[in-house]
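Report on the structure
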Amino acid sequence: IPHEFEAIVVGGGPAGLSAAYTLAKGGVKTLLIERGDFPGSKNVMGGVLYSYPTAQVFPDFWKKAPLERPIIEQRAYLLAEDSAITAGFKDNRFFEEPYNNFTVFRGRFDKWMAGEAMEAGALLVSETVVTDLLYEGEGTGKKVVGVITNREEGTVRGHVVLLCEGANSILAQRAGLQEDLSPGDLACAVKEVIKLPKGAIEERFNVEKGQGVTIELLGEATLGMFGMGWIYTNKDTLSVGVGVMINELSRRGLNPNTVLEKMKNHPALRPLLVEGETVEYLAKIIPEGGYKQVPKLYSNGVLVCGDTAMLVNGVHREGSNLAMTSGKMAAETVIEAKAKGDFSAEALKRYKERLEDSFVLKDLKKYQNVSGLMQTNPHFFTVYPNMARQAAQELFTVNNVPKKEKQKKIIRDIRKKRSLTQIAGDLYRIWRTFG
Ligand code: FAD
């Protein structure tokens, strides 16, 4: 590795690759360091990739990138023990350019982004772990001037380092930018890739050839814990997974694999998976701490992006787009800093301002109390799904009971589980948190 660069990007995920590509295109001498065999080899997501933010970094990417299916329908299932209340939105216009979103495999998609970054001029060094940052100076003058890697003579100097190391933010914590994370800030997710017989996806999900569907799963999917399950359609496989907060798993003494196995056996989902063959099993953590846990985003000679910066919007299942947008904004800030020859915290604070002016921090701020609300109200994931199931069952059962009596029974049953004052309180808290 040459020992001197203008920018060093740590981590080849969506944040680091968007940053490296934008930097290299902007004429910045860039080194990208990835610990895996290649960018993507260690990376996991559900995974839905959003068209608009991706095209802002890689225009017309759908013409060349390895993608699975454009998603034309998004469904949500509220599961109770053996029933499901379902909702969804389908629009064939999402099957046309510029599309809305795609399912992808990160192993292939990240590798493709890395190829684009290298073609633009970035140098990629894989199978190399950054073990620490290199510093110079003391007190307020202390600045990051490069990285130390696990390679022999592996110290590399750079004017600025972009920390894009993902959710396991060891370097950011060691640099004092991020506090230690607690199990209430992280979800643990497991995912299976399940191969289906030819034509099964179109048949079972009621779509035309090549079209894709996503299903988000709530309630019993997580055995009543704060989290979410999902089924996404790929070319000839399904991505089936579940993510639950680590503190909830530990409180219940449960392993995420057990939660996933139970979810796959739910009667509303089982028919979608029959004759499926598991071809891959993956696990990863998701940073769910939200706005309040966003670390210090910049300091002298260093910027923090993507999952390392806690930029995940769990409510809308968004992470890759926040990672890519933050990587791009960090790179644009570095390009300006290079023009001024100033990589101090004062010059790099433009990065935080950019994030604040964009959907990235605006959305995180909007949902800053969601995690707290959900963690302190576990009945949202148990009592309400069951209430909804009981009400729907009563309503849809034809048994000669007059509808007026059915309505009264539904209200009586609801009040047995939760008083009207409690329900009003819950609705008020939900409105305050999401409104
Ligand atoms: P990562 O993708 O984690 O990349 C970090 C990279 O840094 C990795 O390549 C890693 O190997 C490398 N690295 C780490 N430490 C070092 C080191 N010290 N030295 C060198 N290299 C290092 N988002 C969506 O938009 N849609 C979804 O459907 C979705 N589903 C998800 C499902 C799951 C199960 C999970 C876990 C996440 C999901 N997300 C989803 C979130 C999304 O995956 C992340 O927000 C996104 O990947 C963050 O990108 P990143 O570049 O910040 O981090």
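Residues numbered from 1 in each chain as written. Predicted model: local features only at pLDDT ≥ 70, side-chain atom pairs only at ≥ 80, totals over all residues.

The name given to the protein chain in an unreviewed UniProt entry is FAD-dependent oxidoreductase, and the organism recorded there is Heliorestis acidaminivorans. The protein chain has a UniProt comment under Sequence similarities (unreviewed entry) that states "Belongs to the ETF-QO/FixC family." (UniProt positions renumbered as here; feature names shortened; annotations may be inferred.)

1. Brief notes about the nonpolar core
Membership of the largest hydrophobic core comes to 115 residues, with the highest contact counts inside it found for Val10, Leu162, Leu163, Leu303 and Cys305. Per-element tally for this core: the top contributor is helix α9 (residues 320-340), with eight residues. Here this core spans two domains, since at least three of its residues come from each of domain 1 (4-67 + 104-181 + 290-357) and domain 2 (187-287). Those residues in contact with Cys305, other than ones at most four positions away along the chain, are Ala15, Ala19, Leu162, Leu163, Cys164, Ala323, Ser326, Gly327 and Ala330. (Core = buried A, V, L, I, M, F, W, Y, C linked by C-beta atoms within 7 Å. Buried ≥ 20, exposed ≤ 12 C-beta atoms within 10 Å, placed from the backbone. Helix = DSSP H or I, 4+ residues; strand = E, 2+ residues; numbered from the N terminus. Domains from an automatic or database assignment. Contact = placed C-beta atoms within 7 Å.)

2. So, the site of the ligand
The local shell around the ligand holds 42 residues, among which Gly11, Gly13, Gly166, Gly306 and Gly319 are the closest. For the shell around the ligand, the residue count by class is 17 nonpolar, 16 polar and nine charged. Viewed by domain, the shell around the ligand spans two of them, domain 1 (4-67 + 104-181 + 290-357) and domain 2 (187-287), each represented by three or more residues. (Near = placed C-beta within 6 Å. Nonpolar A, V, L, I, M, F, W, Y, C, P; charged D, E, K, R; others polar.)

3. Structural notes on the domain arrangement of the protein chain
Each assigned domain of the protein chain is listed with its residue range as follows: domain 1 (4-67 + 104-181 + 290-357), domain 2 (187-287) and domain 3 (371-434). Computed over C-alpha atoms, the centres of domain 1 and domain 2 are 29 Å apart. Listed by partner, the interface residues are ten residues for domain 1 and twelve residues for domain 2. Its residues assigned to classes, the side of domain 1 that touches domain 2 comprises five nonpolar, three polar and two charged.

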